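This is what each chain is made of:
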Amino acid sequence: MVFENVSSILKRVSNYMGLSESEIYVLSSFKRIKREEIELNGNKYPAWRIVHNDALGPGKGGIRFHPNVSEDEVKSLSFWMSIKNSLAGIPFGGAKGGVKVDPKTLSPEELEELSRKYIRAFHDVIGENKDVPAPDVYTNPTIMGWMLDEYEKIKERHEPGMITGKPIVLGGCKFRGTSTSKGGFIIFEEILSTIEKKDVTIAVQGFGNAGYNFAKMAYDEGYKVVAVSDSKGGIYDENGLNIDEVKKIKSEKGTVIEFDAQKISNKEILELDVDFLILAALENQITENNVENIKARNIIELANGPVTPEADKRLFERGIFVVPDILANSGGVIGSYFEWIQNKTGGAFESSYLEERFEKMMKENYSKVYEVYKRDGVDMRTAAYSLAIRRILDAEKARGRI
Ligand code: NAD
């Protein structure tokens, strides 16, 4: 997502909300942009940590290691985190970090060195009450563990809440691992409660953390998952796939297409005639080129940005119900929020308490957005953005900044 995309969404939602010049100015401004260069083995890698807005609380957002990372991208993603955190109703602003590097070219020792150097470069702008990083593309709990260790060494104190997505033994939260899919699944059941048909068919694109866990939850609850796919392609069975067996094959052979079922392409899975299409792989999957072929009645965006803005408009015109990423995959940030609270209080919640609280938050957030969608006749994405923006602006006003 480039910043132009962010600006176009902001413009569309601002028109709908009737925002003033000063409100738009606040939303288009950044609280902090810090850039550094990290030296490793004679190479210099550009690195960033950017906070878009912190009116609601400390910055919160992942750190990405990827060759395409740019300032434009980190800015866009930090804006997007402000929106997502605000909509989720949690006390965080939006932030993002990144290093322009191809981590696949680094040895494990170099990866650790890079992660520690990132903290040495940015420790002054992060902290549990300032800006709280997490994993993102090509970063993971192991890297979060190294980063926590480096940070605590520099500060000469323990502060596990300075980063989330940590290994469990360092204060990570077990619940976080499946919270993204769980949130999407709760929304799926909310939609189901509003439609007549109950014997629904589901197709899931992507069989990683988000996609597999969603498919597994649906399968365990007796729903019919007729198709799944990964980067190699997809499989289809009109009577429903046994997700446990598919997972076994995926673990043994590396791909779902080795499972004994009808093979379909990744293009075909998107165009299946199903009640629910779960997008859990990559960005830009439904575009101007295939939007007219989409036959699913409902789409849940577990992946970030899987539908382009042009395609989004057409889906709305065609009456296809789309739950936008900022709502559908917000279970992940809510899981991180639970981890942060536990770290700050030094306590550990019962998992039954976390599950109950999580479900309540997801349902309330979904119904808030749905109400605006019904009331104003706008698409779910516009409804979600408007609520998120309103909460940020209310916090800005309460601080006397507008
Ligand atoms: P992952 O790497 O675990 O899984 C990605 C899956 O997509 C893999 O099965 C891969 O084979 C598949 N894939 C890749 N290219 C594909 C293609 N062309 N067609 C079909 N499948 C393809 O990643 P993940 O954590 O499951 O994340 C998936 C998406 O969800 C990403 O957009 C991510 O940003 C988003 N997301 C994930 C979380 C989370 O907590 N895991 C939170 C928020 C958003």
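Computed from a predicted model, the values in this text were never measured in an experiment.

Reading the values: rules and limits
- Residues numbered from 1 in each chain as written.
- Predicted model: local features only at pLDDT ≥ 70, side-chain atom pairs only at ≥ 80, totals over all residues.
- Heavy atoms only, no water.
- Core = buried A, V, L, I, M, F, W, Y, C linked by side-chain atoms within 4.5 Å.
- Buried < 20%, exposed > 50% of the residue type's maximum accessible area, 1.4 Å probe, protein only.
- Helix = DSSP H or I, 4+ residues; strand = E, 2+ residues; numbered from the N terminus.
- Domains from an automatic or database assignment.
- Contact = heavy atoms within 4.5 Å.
- Pairing = 2+ DSSP bridges.
- Near = heavy atom within 4 Å.
- Polar contact = N/O pair within 3.5 Å; in protein donor to acceptor, adjacent residues only side chain to side chain.
- Areas by Shrake-Rupley, 256 points an atom, 1.4 Å probe, with all protein chains shown as cover.
- Axes fitted to C-alpha atoms, helices over the stretch in contact; angles between N-to-C directions.
- Left-handed = near helix turned anticlockwise from the far one by under 90°.
- Nonpolar A, V, L, I, M, F, W, Y, C, P; charged D, E, K, R; others polar.
- Expected span 1.5 Å × (residues − 1).

Peer 1: Looking at this model, I keep getting lost on the nonpolar core. Mind explaining?
Peer 2: General note: in soluble globular proteins, nonpolar side chains tend to be found buried as a group. Judged by nonpolar contacts, the single largest core of 86 residues is most densely connected at F188, I202, F214, V228, F276, V323 and I389. For this core, the element with the most residues is helix 14 (residues 380–398), which contributes nine residues. When residues of this core are assigned to domains, at least three fall in each of domain 1 (31–172) and domain 2 (173–402). Excluding residues within four positions of it along the chain, V228 makes contact with V204, F207, G233, G234, I235, L241, I243, V246, V256 and I269. Within the second largest apolar cluster, 25 residues are counted, among which are L40, Y45, A47 and W146.

Peer 1: Explanation requested: the pairing of strand 9 (residues 233–236) in the structure shown.
Peer 2: As paired strands, strand 8 (residues 224–230) and strand 9 are joined by four bridges and run antiparallel to one another. Across the sheet, A227 pairs through a bridge with Y236, a residue of strand 9. Hairpin remark: strand 8 followed by strand 9, antiparallel, with two residues in the connecting loop. Strand direction decides the pairing type here: strand 9 and strand 10 (residues 262–264), joined by three bridges, are antiparallel. Across the sheet, Y236 pairs through a bridge with Q262, a residue of strand 10.

Peer 1: Help me out: how do you make sense of the site of the ligand in this one?
Peer 2: T180, N209, A210, N266 and N304 are the nearest of the 19 residues found near the ligand. Measuring from an oxygen atom of the ligand, one finds a side-chain N or O atom of T180 at 2.6 Å. Between the ligand and N304, the relevant distance is 2.9 Å, taken from an oxygen atom to a side-chain nitrogen or oxygen of the residue. Burial of the ligand by the protein chains amounts to 71% of its free accessible area of 820 Å².

Peer 1: Looking at this structure, how should I read the packing of helix 6 (residues 176–192) against helix 12 (residues 331–345)?
Peer 2: Angle between the axes and distance between the axes are the two parameters that describe a pair of packed helices. Where helix 6 contacts helix 12, the axes come no closer than 7 Å and their chain directions differ by 145 degrees. Between helix 6 and helix 12 lies a crossing of right-handed hand. The segment helix 6 lies against helix 12, with R176, S179 and T180 engaging G331, G332, G335, S336 and E339. Looking at the contact of helix 6 with helix 12 residue by residue, the class counts come to no nonpolar, six polar and two charged.

Peer 1: Mind showing me how you'd approach helix 7 (residues 209–220) here?
Peer 2: An α-helix turns once per 3.6 residues; consequently, residues spaced three or four apart project the same way. Between its first and last C-alpha atoms helix 7 spans 16 Å; for twelve residues at 1.5 Å apiece the expected length is 16 Å, and the two agree. Buried residues of helix 7: A210, G211, Y212, N213, F214, A215, M217 and A218, and no others. Packing partners of the buried residues in helix 7 comprise helix 6, strand 7 (201–205), strand 8, helix 8 (243–253) and strand 11 (276–279). Looking at the residues trailing helix 7, positive phi occurs at G222, about 90 degrees.

Peer 1: How should the side chain of Q285 be read in this particular structure?
Peer 2: The topology assignment puts Q285 in the loop between strand 11 and strand 12 (298–301). At 3.1 Å, the side chain of Q285 and the backbone oxygen of E283 are in polar contact. Apart from residues lying up to four places away in sequence, Q285 is in contact with Q205, L270, N290 and P306.

Peer 1: Looking at this model, I keep getting lost on the sheet that holds strand 10. Mind explaining?
Peer 2: In any sheet, the strands associate via hydrogen bonds between backbone groups, in a parallel or an antiparallel arrangement. Spatially, 10-9-8-7-11-12-13 is the arrangement adopted by the seven strands of the open sheet, whose pairing is mixed. Edge strands, defined here as strands with exactly one partner in the open sheet, are strand 10 and strand 13 (321–323). On average, adjacent strands in this sheet sit at an angle of 20 degrees to one another, irrespective of strand direction. Bridge count between strand 12 and strand 13: three bridges; the pairing is parallel. Bridged to N298 within strand 13 is F321. Taken strand by strand, helix 6 contacts strand 7, strand 11, strand 12 and strand 13, and its axis lies near 160 degrees from that of strand 12.

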